[in-house]
Amino acid sequence: MQHGHDTHAEHEHHAHEGHHGMGKVSWRMAAQATLHCLTGCAIGEILGMVIGTALGWGNMPTMILAIVLAFFFGYALTLRGILKAGVDFKTAFRVALAADTLSIAVMELIDNGVIALWPGAMDAHLSDAMFWWILAISLAIAFVVTTPVNKWMIGRGKGHAVVHQYHH
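The rules behind the values
- Residues numbered from 1 in each chain as written.
- Predicted model: local features only at pLDDT ≥ 70, side-chain atom pairs only at ≥ 80, totals over all residues.
- Heavy atoms only, no water.
- Helix = DSSP H or I, 4+ residues; strand = E, 2+ residues; numbered from the N terminus.
- Contact = heavy atoms within 4.5 Å.
- Phe/Tyr/Trp six-rings, centres within 6.5 Å; stacked < 30°, edge-to-face > 60°.
- Buried < 20%, exposed > 50% of the residue type's maximum accessible area, 1.4 Å probe, protein only.
- Lys NZ or Arg CZ within 6 Å of the ring centre and 35° of its normal.

Colleague: Help me get a handle on the environment of Leu 38, residues and values and all.
Modeller: Its location among the elements puts Leu 38 in helix H2 (residues 27–54). Excluding residues that lie within four positions of it along the chain, Leu 38 makes contacts with Met 107, Leu 139 and Phe 143.

Here it is as structure tokens:
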């Protein structure tokens, strides 16, 4: 019996290794989680700006649509992976909300903050080179700022650490 208990204890230690304490979470893991978030955010941002521009909307309604779509696509990418693992939709949805909300919120705050504060960025159109390079810069800054947030969350068993338990 004692041998089985030691094995269980070793398994428990191994299963949680890297998820407690910031020093044990790699920057690579955090960057991968942030890149996943960035992908969904970028899809939503660009689609929202294209739709808002095509409909002739002003800056504020277009930005709101872009943010809503960034959250939608960020959650959708996570949901896709969790559902592939055979998890029911209700559980997968809860996991996606728990895993991605803070990451997407930080990314959107930084990304849209850079665009809002950059002189002339809010007036740039999709056909302007300025629009695209400012968007690229804002997403890059958002990635750099959000990566430590994801590292911190993963280190506490939150964020994408929750998602990873469904991938194994």
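Colleague: Provide a residue-level description of the environment of Trp 27, including the pertinent values.
Modeller: In this fold, Trp 27 is placed in helix H2. Here the alpha-carbon distance between Trp 27 and Pro 148, two residues 121 residues apart in the chain, equals 8.0 Å.

Colleague: Go over the packing of aromatic side chains with me, naming the residues and quoting the values.
Modeller: Enumeration according to the criterion identifies five aromatic pairs in this entry. With centroids separated by 5.9 Å and ring planes inclined at 50 degrees, the aromatic side chains of Phe 71 and Tyr 75 adopt a geometry described as tilted. Here Phe 71 pairs with Tyr 75, and both are found in helix H3 (residues 59–84), just four residues apart, close to one helical turn. Using a relative accessible area of 14% as the deciding quantity, one classes Tyr 75 as buried. Relative to Trp 133, the ring of Trp 118 has its centre 5.5 Å away and its plane inclined at 80 degrees; by these criteria the two rings are edge-to-face. One end of the pair, Trp 118, is in the loop between helix H4 (89–117) and helix H5 (129–155); the other, Trp 133, is in helix H5, and 15 residues separate them in sequence. Residue class for Trp 118 comes out partly exposed when judged on its relative accessible area of 27%. A relative accessible area of 41% places Trp 133 in the partly exposed class. A cation over a ring is seen here: Lys 151 above Trp 27, with NZ or CZ 4.9 Å from the ring centre.

Colleague: An account of the side chain of Thr 146 is needed here, citing residue identities and associated values.
Modeller: Structurally, Thr 146 can be placed in helix H5. Given a relative accessible area of 0%, Thr 146 falls into the buried group. Every residue in contact with Thr 146, bar those within four places of it in the chain, is listed here: Thr 34, Ser 103, Val 106 and Met 107.

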